Amino acid sequence: MVYLDYAATSPLLPEVITAMHEAEQKFFANASALHTPGHLAMNKIEETRKLLAQLINANPDEIIFTSGASEANNTVIRTFAGHKIYTSPLEHHSIDEAARVLGGNKKPALYSYMFANNEIGEILSIENIIKKAHKNGDYIHSDLTQVLGKLPINIKALDLDYATFSAHKIGGPVGVGALFIKDGAPFKSLIIGGNQEGKRRGTTYNTAGIIGFGAALKYAIKHKTWDIYDAKIRALRDGLAKRILEEIPGSSLNTDITPGKSLPNILNASFQAAEGESIQLYLDAEGIIVSTGSACASGDIKPSHVLMAKTGDAEVAHSSIRFSFGLDNTEEDVKKVMQVLPGIINRLQKISTIERES
Ligand code: PMP
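Residues numbered from 1 in each chain as written. Predicted model: local features only at pLDDT ≥ 70, side-chain atom pairs only at ≥ 80, totals over all residues. Heavy atoms only, no water.

(A) Representation of the packing of aromatic side chains within the structure. Counted by the stated rule, this structure contains 6 aromatic pairs. Taken together, a centroid distance of 5.8 Å and an interplanar angle of 50° make the contact between F80 and Y139 tilted. Of the two residues, F80 sits in the loop between α3 (69–79) and β3 (83–87) while Y139 sits in strand β5 (residues 139–143), which places them 59 residues apart along the sequence. F80 gets classed as buried once you look at its relative accessible area, which sits at 2%. Taking the relative accessible area as the measure of exposure, Y139 reaches 22% and is therefore partly exposed. For the pair F80 and Y162, a centre-to-centre distance of 5.9 Å together with 85° between the ring planes defines the contact as edge-to-face. Taken together, the residues F80 in the loop between α3 and β3 and Y162 in strand β6 (residues 162–166) connect sequence positions 82 residues apart. Given the relative accessible area of 0%, Y162 is considered buried. The cationic tip of K84 hangs over the ring face of Y86; the distance from NZ or CZ to the ring centre is 5.4 Å. (Phe/Tyr/Trp six-rings, centres within 6.5 Å; stacked < 30°, edge-to-face > 60°. Helix = DSSP H or I, 4+ residues; strand = E, 2+ residues; numbered from the N terminus. Buried < 20%, exposed > 50% of the residue type's maximum accessible area, 1.4 Å probe, protein only. Lys NZ or Arg CZ within 6 Å of the ring centre and 35° of its normal.)

Here it is, written out as structure tokens:
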């Protein structure tokens, strides 16, 4: 199998499997308990908190663990329920849907602008938004889910008030995420009724999951994964982009591959007169795993809101495929894609012409 859907989720790193296996055996106790096994579990949780704090340049007590990025995003939006909420047109639905339902007119406002998008990889320039928000006494949140491990992150230098992370995009388990809340920034718990996370989020700690997240963070720090993405993975992505444009008639890129404009591991491309879902299924039959737009939105017949915002063209949006690379991908994978993709597109384009003519 050639797996090119890392932006949707990534397989567990071997280090994560080992750490979680050990956690289930050794650190099963309720981490809030006063007994020794409880303390041992809590110590492991605090280790992960310190690793994340180190990686993003924040203080450990500014981080709470959540069930994932969606919960972290929802928590911030709910904190600003009734307030004016500005979002970018490229946000994940856990931001834009929540903002639509919960936003109001009160001040201070919240700006929620993701640092980089999951569907096309675009890096948004949020520096000016951050300055503008703070100048007006407003607050700024950024969804950094796709950025963790892919680019260096310095929360203090960015001057964010809130930031969202998820473990399963970096080889950690699904169901664990984190929210950075700047010391002193407004905060309302989403899950009330427990003293966990310094009274900021109730429910028993997901110790094994958090330990798994810790192992994935350790891996990222040890291997400086952002450097690998910047060199090896960028070269694979750019190589695939070049070959698609050269070898497939009617192809275009929805990702700007200029350095600094997109995450180095995401490539979104459209193929005129070929439908994204059909391309995906044909590739799947060849053992090549990609996605159409965002996995979360697939099954949804509406064109991706991100591609619509960027292109304004439903046909381009419907004919798009996202290739997202991870650390395990090789030159060989790109070759395998290019052995079958031109033929698949050609076949689909022919069918589409016949359909149009008949
Ligand atoms: N935000 C972004 C930018 C994402 O890519 C995703 C996952 N597709 C999420 C939020 C949701 O993450 P989780 O699965 O951890 O809730």
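(B) Quick peek at the pattern of salt bridges. Summed over all chains, the structure comprises 14 salt bridges. One salt bridge in this structure joins D159 and K182, with 3.2 Å as the shortest N-O distance. Residue D159 is found in the loop between α6 (155–158) and β6, and its partner K182 is found in the loop between β7 (177–181) and α7 (196–199); the two are separated by 23 residues along the sequence. Judged by its relative accessible area of 29%, K182 falls in the partly exposed class. Here the residues in one salt-bridge network are E46, R49 and E197, joined through shared partners. (Salt bridge = Lys/Arg side-chain N within 4 Å of Asp/Glu carboxyl O.)

Limitation: the analysis is restricted to geometry and does not speak to function.
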